[in-house]
Amino acid sequence: MAEKEKILDIKDLDISFRTTAGVVHAIRGVDIDLYRGETVAIVGESGSGKSVTMKAAMGILASNATVNRGVIQFNYHHLADGSPASVDILKQDKKWIRSHINGRRIAMVFQDPMTSLDPTMPIGKQIMEGMIWHYKTPKAEAREKAISLLREVGIDDPEKRMKNYPHQLSGGMRQRVVIAIALSCDPDLLICDEPTTALDVTIQAKIIELIRRLQKERGISVIYITHDLGVVAKVADYVNVMYAGKIVEKGTINEIFYDPRHPYTWGLLSAMPDLDTADERLYTIPGSPPNLLYEKPGDAFAPRNQYALVVDDKAEPPMFQITEDHYVASWLLDPRAPKVEMPPELRARIERMKEEAKKHGSEL
Amino acid sequence: MAVNYNAEPLLKVQGLKQYFKVSHTFTVKAVDDVDFEIYPGETYGLVGESGSGKSTIGRSVIRLYDPTAGTIRFNGMDISGKMKAADQKALRTQMQMIFQDPMASLNPRKKVEDIIGEGLDIHHMCKSSAERSERVRTILAKVGLAPEHASRYPHQFSGGQRQRVGIARALIMNPKLIIADECISALDVSIQAQVVNLMKDIQEETGTAYLFIAHDLSMVKYISDRIGVLHLGHLLETGTTEEIFAHPVHPYTRSLLSAIPAPNPAVEKQRVAEGYDYKSSGIDYAQGTYHLLEGTHYVKCTDQELAAWK
């Protein structure tokens, strides 16, 4: 295979919001990179800044946001001659982003399909809208393409469905339509912001399989924003764990699930209900996520961290590199720190997961 | 937590039907002929996709709706049809509900103290205001909130804390049964675990029974003693948690179980969830009758279907 092509490169992104209560420092130095055809998941609790990061990449931040520093470099090819181009999204004005990036190069699938579709417009028209606007596609051609897209996302009888309004469709069908709209302009990058949180488990499984299939067929890159680690396990190649506006651990999917190093990742993994054991109690991360209105020195996770060290209250931990892709922001990884192992229950669970993985024929 | 299954059931629902008339020609059969029972101190989990009627059952049982047909017996009283004033009063104290969205179910203009104490006021259960605030404080401590939280308003709390207030409000009446309608699905993962643990601790302490309504099977497995699987208003399969998870029989139950994503990437990447489509499956729920498999494990189907699935 040829050299991997980097599509998105976010470096040292720092964003704050002006609110009536004061300045909220929501993103505090985030680095993410993404290569063509790969899937990156961003995991975190609500308020950890995962959606804000992706909104910045789309250039659709709310008007009270200030970007303090950072670079969001997006690489793409010109449609006409295929020559490569590269832009820093943060330096472009809204109008340019609107006509060159949004929907055309980067498309987004939102959480709730009922609020992201226009209730007064037939779905066919909504799918055609982007193509006509961005590419000046003739109407008949756009219609043809819309029908084939609907078929591709698994909607039966697409010719008839074109005239339906969103309220006439079920939740799963609506989300399929949203995906069809996102794909209508052949984007290079698809951002899925909690695409299945509002859906049932059975439909969730189908939508995820659909996104995976489309990604393989079209070779696009996908960013998943989610808090469900089960979904992450199914789709992602790389995982970024976010907490209070920072990435606390990043690595390949196997590194995060089979060799997590950050106490917060331990907590997230342990809090997942385990279907294989009959434990009476679930592990919980004590406390609740911090209010970013009140910034305090040191590691933001320290108050909830049972392994916190004295230094955690004084200085923010840097990113420690473990392997080529695996980075962890925790003082526990410092050579001077005491040796701390993950909780034994989690260790046992990971061993069990590895066993099961071996049965399925994968070598770890 | 041992549940005595020989005791008289706390709640016994038989042939419950809840229809909603939309127009002259169209009636929605939200719940169609559902039987189940809950024993004292037990947790019964109701699972199903949206529109399967699980919330409707909860609301019919607590009589927010008038059931179309069927009998509901709770704690020795018949609470279907027209109730006596005394029965109604008893029902309103002994059965309580926790709702899905804590922000929408708590009055934003009332202090937490008054939200929790409202039931006490209505039923005149406290002689003095000192006794009332004492009881509110005890309950707050039980759900893991501090006494100073009593004088705050709902918007001053985080999502998990708000749901604790919702639980406290249900608990203060010392109910025998709490209906928890999707009470954790609006919360973050790490907070979900906290609330589920809290509910388990409270059950251990007070012996209240739960009707736990959810679509997230993995959490239901954690908290429930027995599970009922609903689809399109029919209770398709019911049994203990072990029976359902180890030997699911109905194809819908199997598809539900296979759709749970496991946090194990190497396995999950290869697995394809089992699909289920009612229209193409050729099953007619209305034809089925309850078949006993073993213990408390029932499946609603016809004889031929059962033979084919086994």
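Note that the coordinates shown come from a computational prediction; the quantities given were computed from them, not determined experimentally.

**Here we look at the overall build of chain B**
Assigned secondary structure in chain B consists of 13 helices and 12 strands. Projecting the C-alpha coordinates of chain B onto the three principal axes gives extents of approximately 65 × 55 × 45 Å. Per-residue burial for chain B yields a buried fraction of 56% across its 310 residues. A separation of at least 24 residues holds for 64% of the contacts in chain B among residues at least 6 apart in sequence. When the accessible surface of chain B is totalled, it reaches about 13,300 Å², and 49% of it is carbon and sulfur. Each charge class in chain B was averaged separately, 34 positive and 36 negative side chains, and the resulting centres sit 7 Å apart.

**Comments concerning the environment of M103 of chain B**
Residue and element names in this part refer to chain B. As for its position among the elements, M103 is in helix α3 (residues 102-105). For M103, a relative accessible area of 31% translates into the label partly exposed. Linking M103 and P154, residues 51 residues apart in sequence, is a C-alpha distance of 7.2 Å. What M103 contacts, discounting residues up to four positions off in sequence, is P154, H155 and R162.

**Concerning the interface of chain A and chain B**
Taken together, the contacts link 48 residues of chain A with 37 residues of chain B. Between chain A and chain B, a total of about 3,700 Å² is buried, with carbon and sulfur atoms accounting for 55% of that surface. Of all residues in chain A, the largest losses of buried area upon contact with chain B belong to V201, L275 and L282 of chain A, amounting jointly to 17% of the total for that side. Our count for the chain A to chain B interface comes out at 1 salt bridge. Our enumeration of links across chain A and chain B arrives at 5 residue pairs in polar contact (both at pLDDT 80 or more). Counting residues per element, the ones that place at least two in the side of chain A that touches chain B are α8 (201-218), α9 (229-235), α10 (253-258) and α12 (344-359) of chain A. Among the elements that line the side of chain A that touches chain B, the one with the most residues is α8 of chain A, at 7 residues. Considering only residue class, the side of chain A that touches chain B consists of 21 nonpolar, 12 polar and 15 charged.

**A few points about the packing of aromatic side chains**
For the structure shown, the criterion picks out 11 aromatic pairs over all chains. Here the aromatic rings of Y264 of chain A and F301 of chain A are separated by 5.1 Å at their centres, their planes lie at 70 degrees, and the arrangement is edge-to-face. You can see Y264 of chain A sitting in helix α11 (residues 263-271) and its partner F301 of chain A sitting in the loop between α11 and β11 (320-321), a full 37 residues away along the chain. For F301 of chain A, a relative accessible area of 2% corresponds to the buried category. The structure contains a cluster of three or more aromatic residues connected by ring pairs, namely Y243, Y264 and F301 of chain A. A cation over an aromatic ring shows up here: K4 of chain A above the ring of Y35 of chain A, its NZ or CZ 4.6 Å from the ring centre. Over the aromatic face of F245 of chain B sits the side chain of K221 of chain B, whose NZ or CZ is 5.8 Å from the ring centroid.

Criteria and cut-off values
- Residues numbered from 1 in each chain as written.
- Chains lettered and ligands numbered in written order.
- Predicted model: local features only at pLDDT ≥ 70, side-chain atom pairs only at ≥ 80, totals over all residues.
- Heavy atoms only, no water.
- Helix = DSSP H or I, 4+ residues; strand = E, 2+ residues; numbered from the N terminus.
- Buried < 20%, exposed > 50% of the residue type's maximum accessible area, 1.4 Å probe, protein only.
- Contact = heavy atoms within 4.5 Å.
- Areas by Shrake-Rupley, 256 points an atom, 1.4 Å probe, with all protein chains shown as cover.
- Lys, Arg positive; Asp, Glu negative; His and termini not counted.
- Charge placed at Lys NZ, Arg CZ, Asp CG, Glu CD.
- Buried area = accessible area lost by both parts, 1.4 Å probe.
- Salt bridge = Lys/Arg side-chain N within 4 Å of Asp/Glu carboxyl O.
- Polar contact = N/O pair within 3.5 Å; in protein donor to acceptor, adjacent residues only side chain to side chain.
- Nonpolar A, V, L, I, M, F, W, Y, C, P; charged D, E, K, R; others polar.
- Phe/Tyr/Trp six-rings, centres within 6.5 Å; stacked < 30°, edge-to-face > 60°.
- Lys NZ or Arg CZ within 6 Å of the ring centre and 35° of its normal.

Purely geometric stuff here, so don't read any function into it on its own.
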